[in-house]
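Single-letter residue listing:
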Amino acid sequence: MATSIILSNLERIEYLLHAPKTLSKPNKRWHSAFVTIYCSKTLLSFFNVSLPEKKRFEVSSRPSFTIVDLKPNKSFQIDQTSLLQLLKEKNVDTLQNIGGVDGVASSLESNIDFGIQGDAEDVTRRHETFGSNTYETPPTKSIFHFIVEAFKDLTIFILLGCATLSLAFGIKEKGIKEGWYDGGSIFVAILLVIAVSSISNFRQNRQFEKLSKVSNNIQVDVVRAGRRQHISVFEIVVGDIVCLKIGDQIPADGLFFDGHSLQVDESSMTGESDHVEVNSSHPFLVSGTKVVDGYARMLVTSVGMNTTWGEMMSSISRDTNEQTPLQARLNKLTSSIGKVGLLVAFLVLVVLLVRYFTGNTKDDNGNKEFNGSKTKVDDIVNAVVGIVAAAVTIVVVAIPEGLPLAVTLTLAYSMKRMMVDQAMVRKLSACETMGSATTICTDKTGTLTLNQMKVTKFWLGKETFAAGSYSSIAPYVLELVQEGVALNTTGSVYKPNSGFEIEFSGSPTEKAILSWAVLDLNMEMEQLMQSCMILFVEAFNSQKKRSGVLMRRKVDNTIHVHWKGAAEMILKMCSSYYDASGIVKELDDAEKMKFEQIIQGMAASSLRCIAFAHKQVSEDQENEQEHKKLEEDGLTLLGLVGLKDPCRPGVKKAVEDCQYAGVNVKMITGDNVFTAKAIATECGILRPGQDMVSGAVVEGVEFRNYTPDERLEKVDKICVMARSSPFDKLLMVECLKQKGHVVAVTGDGTNDAPALKEADIGLSMGIQGTEVAKESSDIVILDDNFASVATVLKWGRCVYNNIQKFIQFQLTVNVAALVINFVAAVSAGEVPLTAVQLLWVNLIMDTLGALALATEQPTKELMDKPPVGRTEPLITNIMWRNLLAQASYQIAVLLTLQFKGESIFGVSEKVNDTLIFNTFVLCQVFNEFNARKLEKKNVFKGIHKNRLFLGIIVITIVLQVVMVEFLKKFADTERLNWAQWGACIGIAALSWPIGWIVKWIPVPQRPFLSYLKMKKI
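Thresholds, definitions, all that
Residues numbered from 1 in each chain as written. Predicted model: local features only at pLDDT ≥ 70, side-chain atom pairs only at ≥ 80, totals over all residues. Heavy atoms only, no water. Helix = DSSP H or I, 4+ residues; strand = E, 2+ residues; numbered from the N terminus. Buried < 20%, exposed > 50% of the residue type's maximum accessible area, 1.4 Å probe, protein only. Contact = heavy atoms within 4.5 Å. Areas by Shrake-Rupley, 256 points an atom, 1.4 Å probe, with all protein chains shown as cover. Expected span 1.5 Å × (residues − 1). Pairing = 2+ DSSP bridges. Phe/Tyr/Trp six-rings, centres within 6.5 Å; stacked < 30°, edge-to-face > 60°. Axes fitted to C-alpha atoms, helices over the stretch in contact; angles between N-to-C directions. Parallel < 35°, antiparallel > 145°, perpendicular 65-115°, else oblique. Left-handed = near helix turned anticlockwise from the far one by under 90°. Nonpolar A, V, L, I, M, F, W, Y, C, P; charged D, E, K, R; others polar. Patch = residues over 30% accessible without salt bridge, like charges linked within 9 Å, V, L, I, M, F, W, Y side chains within 5 Å. Salt bridge = Lys/Arg side-chain N within 4 Å of Asp/Glu carboxyl O. Lys, Arg positive; Asp, Glu negative; His and termini not counted. Charge placed at Lys NZ, Arg CZ, Asp CG, Glu CD. Polar contact = N/O pair within 3.5 Å; in protein donor to acceptor, adjacent residues only side chain to side chain.

## Comments concerning the overall build of the protein
When helices and strands are tallied, the protein shows 38 helices and 26 strands. By the burial criterion, 52% of the 1017 residues in the protein qualify as buried. Excluding contacts between residues fewer than 6 apart, the proportion of contacts in the protein whose partners are at least 24 apart in sequence is 73%. Just so you have it, the protein exposes about 47,400 Å², and 57% of that area is on carbon and sulfur atoms.

## Thoughts on helix H34 (residues 947–965)
The end-to-end C-alpha separation of H34 is 27 Å, in line with the 27 Å expected for 19 residues at 1.5 Å each. Those residues of H34 lying buried are Phe949, Ile952, Ile953, Thr956, Gln960, Met963, Val964 and Glu965.

## Focus: the pairing of strand E21 (residues 664–668)
Among the five residues of E21, four are classified as buried, and the element is accordingly described as predominantly covered. As paired elements, strand E9 (residues 439–442) and E21 share four bridges and run parallel to each other. When the bridges of E21 are listed, Thr442 appears paired with Met667. Relative to strand E23 (residues 720–722), E21 runs parallel, the two sharing two bridges. If you follow Ile668 over to E23, its bridge partner there is Met721.

## Considering the packing of aromatic side chains
This structure, assessed with the given rule, holds 17 aromatic pairs. Summarising the aromatic geometry, the rings of Tyr413 and Trp795 are spaced 6.3 Å apart at their centres and angled 70° between planes, so their arrangement reads as edge-to-face. Here Tyr413 is found in helix H15 (residues 402–420), whereas its partner Trp795 is found in helix H30 (residues 786–828), with 382 residues between them in sequence. Accessibility expressed as a relative area gives 3% for Trp795, which makes it buried.

## Thoughts on the side chain of Thr675
For Thr675, the location among the structural elements is in helix H24 (residues 673–683). The exposure class of Thr675 is buried, given its relative accessible area of 2%. Dropping the residues within four chain positions of it, Thr675 is found in contact with Lys444, Ala603, Ser606 and Leu607.

## Let's talk about the packing of helix H32 (residues 877–905) against helix H33 (residues 909–931)
Relative orientation of the contacting elements H32 and H33 amounts to 160°, with a least axis distance of 9 Å. Classified by the angle their axes make, H32 and H33 are roughly antiparallel. When the axes of H32 and H33 are compared, the crossing they make is right-handed. The segment H32 lies against H33, with Gln886, Gln890, Val893, Leu894, Leu897, Gln898, Gly901, Glu902 and Phe905 engaging Glu909, Asn912, Asp913, Leu915, Ile916, Thr919, Phe920, Cys923, Gln924, Asn927 and Asn930. Among the residues forming the contact of H32 with H33, the class breakdown is eight nonpolar, nine polar and three charged.

## What to know about the sheet that holds strand E8 (residues 423–425)
The pairing of strands in a sheet happens through backbone hydrogen bonds and is either parallel or antiparallel. The sheet built from eight strands is open, its strands ordered E8-E26-E25-E24-E9-E21-E23-E22 with mixed pairing. Where the open sheet ends on each side, the last strands, each with one partner, are E8 and strand E22 (697–699). On average, adjacent strands in this sheet sit at an angle of 20° to one another, irrespective of strand direction. On the sheet, H24 packs against E21, E22 and E23 and is oriented at approximately 150° with respect to E23.

## As for H24
Turning to H24, its buried residues number three or more, namely Val673, Thr675, Ala676, Ala678, Ile679, Ala680 and Cys683. At the C-terminal side of H24, Gly684 shows a positive phi close to 90°.

## Topic: a nonpolar patch on the surface
Together, Leu343, Phe346, Leu347, Val350 and Val354 give the surface a local cluster of nonpolar side chains, amounting to about 440 Å² of exposed area. Take Val354: it is sitting in helix H13 (residues 325–357). Classification of Val354 by relative accessible area gives partly exposed; the value is 46%.

## Details of the environment of Met863
With respect to the secondary-structure elements, Met863 resides in the loop between helix H31 (835–854) and H32. When the C-alpha positions of Met863 and Ala790 are compared, they lie 9.8 Å apart, and in sequence the two are 73 residues distant. Those residues in contact with Met863, other than ones at most four positions away along the chain, are Asp657, Tyr660, Ala661, Ala790, Leu793, Lys794 and Arg797.

## A look at a positive patch on the surface
Together, Arg203, Arg206, Lys210, Lys213, Lys416 and Arg417 line one region of the surface with positive charge. If you list the elements that add at least two residues to the positive patch, you get helix H10 (181–216) and H15. Looking at the positive patch element by element, the count peaks at four residues for H10. By secondary structure assignment, the location of Arg417 is in helix H15. Residue Arg417 is classed as partly exposed on the basis of its relative accessible area, which comes to 32%.

## Details of the side chain of Asp443
Here Asp443 is to be found in the loop between E9 and strand E10 (454–460). At a separation of 2.7 Å, a polar atom in the side chain of Asp443 contacts the side chain of Lys729. When residues no more than four places from it in sequence are discounted, the contact partners of Asp443 are Leu448, Ile668, Lys729, Thr746, Gly747, Asp748 and Asp752.

## Section: the packing of H33 against helix H37 (residues 991–998)
The geometry of H33 relative to H37 is characterised by a closest axis approach of 9 Å and an angle of 35° between their N-to-C directions. Crossing hand, H33 versus H37: right-handed. On H37, the residues touching Cys923, Phe926, Phe929 and Asn930 of H33 are Ser991, Trp992 and Gly995. Partitioned by chemical class, the residues of the contact of H33 with H37 number four nonpolar, three polar and no charged.

## Some words on unusual backbone geometry
Its identity as a non-glycine residue notwithstanding, Asn522 has a phi of 55°, on the positive side. Structurally, Asn522 is set in the loop between helix H18 (508–519) and helix H19 (525–531). On the basis of relative accessibility, which here comes to 58%, the residue Asn522 falls in the exposed class. Here the phi dihedral of Ser606 falls at roughly 65°; this positive angle occurs in a residue that is not glycine. Tracing the sequence through the fold places Ser606 in the loop between helix H21 (589–604) and strand E19 (607–617).

Structure representation (C-alpha cells):
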C-alpha cells in the first residue's frame, strides 16, 4: 500500500524537484514551500498506512488529505485588468509596487533577456488569456450595399417608374399572358445592368480589403527563447520582448526596460506634435506611436483590442472611395456628355409627344394612334409612358457611367497585377500619376544595390590586412576594435548551442560588421557586453551619419568613448591614429590627406567606408557628458573597414528603359562622392566621363548652399547627389516640381518622410523601409528593387492608356446612338432602338467593354513614348480622329438602314429594326478591337495574351445571338436568316479596314478642342 502511494505520487514529486531555472526569487520561495508541504503530506500518508488500522465500515465522503495540482497553471500572476490600469494611469510608483518591469515580466512568465518560450503551447496559452494582436474591423460591405447604391441612380429610378407603368398598362390592355412583355423586359434589362455593376463594384471592394490587410501586416523583431527573430505584428503576444529602432511603429502597449535616447512621436494618439522621451523614469509605450530617435527593447503588456490603438482602428475602415485625379477629370467629362445627352433626350421627347398628339403616329395596323377624345385615357398614358421610356433610355446610353467603372476596374486590376510585380499600391492616385512621371529620384543602398553588405577591406593605420592575417595586429588594438563593434551597435548576435550557424540581426551594415568581427576577429559579443557598462548612447541617424557610445569598463573602472560612422566624418574628429603594433601616432594635415586618399581609393572601388575611433575620458568629463553630448574631438582612429554592396542584376537595364521612356533618373545617396560616382556609372545613371561635366555630380552641402535661382538652374543637370541629408532630398524634389516635373522619389528612412510626401509619387521600400516611410508613401516597393520602380512606371502608363482606349470606344457608341435616335425621332417620329435594346447596348459598352479594355497588360510600346504631361488633354487628337471616323461610319450605315433598309433587303419594318439593332451591336464588337490600339495599325498584336478580352467578345456575340434569335418578345426583335446575319457581320467588319485607313491620316499637335475655344477636358 505504502509503495503504491509513493509510486502514484512519484511523477509529481519529480516535477517538484526539477524546478525551472528561470524562476524569479519570489517564485522560488513559493516553489520551496510547495515541495515542503507536499513531501510532508506524502510522508504522513505513508506513516498512517504503516500503523495498524481499525476495521472500517464506512467510507468518509471527505478526503483525508489535500490535493495540490502540481501541473503548470494556465493562469498568470497578473491579469489583463491590472495591466490595462497600469498603462492607463502611467504611474511609475504603481509599477514599482509590483516589482517594476522585472516583476511584470516575471508575472507574465517572461524573461527580459530571453523573452518567452515561444513554443506553440505557450503562444496559444497567451492568446487565450490576453487575446491576439488583431483588432475588429467594421463589417465588409455586402453585395446588398452595392445593389442599393446602384438603385440610387436617378435614371434607373425613372426607368423603373416607366417599366412599372408600362407593365401595369400592358397587363390591363393585353392581359397577364401577353401584357407583361414590354414592362417586364425593361425590368429584366435594368436588373441585369444593376447586377453586373454591383457585382463588379463588390469584387473591387473585396480586392481593396485584401490589399489593406497586406499593408497592415508589419514585420517586427522579437526575442523568443533567447533568439532574435522576425515575426508578423499579428503574431505578437503579451510577454513578448520587442526590439524597437528609429522609424518603427510601436506594435502593442508595453514597458520600456532597456535602450538609449528613445524618443516617441505620440501625435497619432494625443495630437501633440512634441516628441516624448521614454526611459526608465517614464517607461510607458503606447501602440500606434512611432519611434523617431534612439533604440530600445520593450515588454508587451497589452495587445489588439486591449490597446487604445486597437479600439481606435476598429472604428476606422480603409477609404476605398478615394477619388483619383483621373476619376475627377472623367466625372467632369461624364457630366459634359450627360448634359448633351439630356438635351437630345428632351428634344426627342418633345418631338415624339408633338407627333403623337398631332396624329402623325400610326399603330401596327396603320391606324392613327391619337384621335382626340375618341382615344382611351389608358392608351394615351401607355403611349406617353413609352415615349418617356425611350427618352430616358437615350439618357442612359448618352451618360457614360461606364467611365468611372472603367477607372475602378483598371486601377483594381493593375493594383492586383502590381502586387505580383512586387509593388503594393497604398494610394490609388499614384497608379495613374506614375504614368506621367518625368523624374525619378532614387536611393542607392538596397534599391540600386543588393543591400548584401560584406567587409572586404580592413585598414589599420596605413596598412591593409587580409582575412587571416589579423594575428600580427597588437592585441590591445584588436580589443579596442572589438569593443567598438560590440558596444556601438543596434544589431545582435545569437549563438545556438550546437550544430547551427551563428545568427546576426540588425541593418545590413550592422550585420556585415558584426559578422566580420565575430568570424574574422573572434569577437565574443556576450563577454564584451558583460565586461562593460554602457553609460550613454548617441544613436545613428542619416543626418549625423555616425553613432557613439560612452562606456565604463568593469575591470579597471575606466571610461571610454567609441565612435563609428562615415569614414571622412570620423576622420575629421581624430587627432591621432593607431598603427598595427599599437603605437599611437599623430594625425596632422599631411597624414589626414593620406587617409583621405585611402578612403577615396576604397570608395572608387564601390566600397562603403566605415571608420572606428576611440578616446579614454576622465571621470569629470564623463559627468559633464553623460546626459549631454559625447566627446567629439581629439579621438584616436582605430581603423577603416570597406563594405562591398554589389549592384542588383537587371538594374542597368531598368535605368536604360526609364531613360529611353523620357524619364530622368537621379541618384541621391548618403555615401561619399567617390562611392556614389562608381555605383552610378555601374548602373548607367552616369555615363563614363560625365562626372567631369560641371554640375552632374554634387554633394548635399554644395546643393544646399546654392541660391534658389542657382538651384533651379542646375537641378536638371544633376545626376548624382552624394553625402545628402533628407533635407537635401526634399529641397531637390521642391526644385524639380517648381520646374514642372512630375517627381517620383524612393525612400526608406524616417527622415525621408517629408520628401516622400512632397513628391508626386512617394515610393517606400518594403524590406528596409521604416513604417514611418511606408505610411508617407503612395506605393511600397516590396523587394526594394529599382527594376520594380521601372515596372510601376510601365503600369502607370498602362492605366492611363487603358482609360483612353475605353473613352474612345464609349464615345463612339455615345455619338452614334445619340445621332441615330435623334435624327430618326425628328424625321420618322420613332426611335429605331427600343428601351430594352438600348439598355443591352449600354451593358455591352459600359460593363463588358470596360472589363475587356481596362484589363489590357502593359506593352513595351508604352515605354517608347515620352511621359504624358499634367496638362495634356485626356481626349487626344488621335482619339478624336479615330472615334469620329467610326461614329460617322456607323451613323451613315444605320441611318441608311433606317430609311432604306426595308427596300434594300425586302423585309418588314420589324425585321428592319432588328437589322439596325444587330448591326449596331456588331459594330461595337468589331470597334472594340480597333480601340485596343490608339495609334498602331495592327490591332491584333498580343491579343492572344488577353484571354479576358477574347472571352468577353465571345460572351457578347453569344448573348447577341440569344437576344435576336430566342428572346423575340423580350428584346422586341425578329429572327434573322443566314443572309441577313452575313450582311450585319459584313457591314460591322468594315470597321476594321476603316480603322486601318484612318490611322494613316496625320493629326495636328494642337489639341482639337482648342480650335473650338473650348476648355480642355
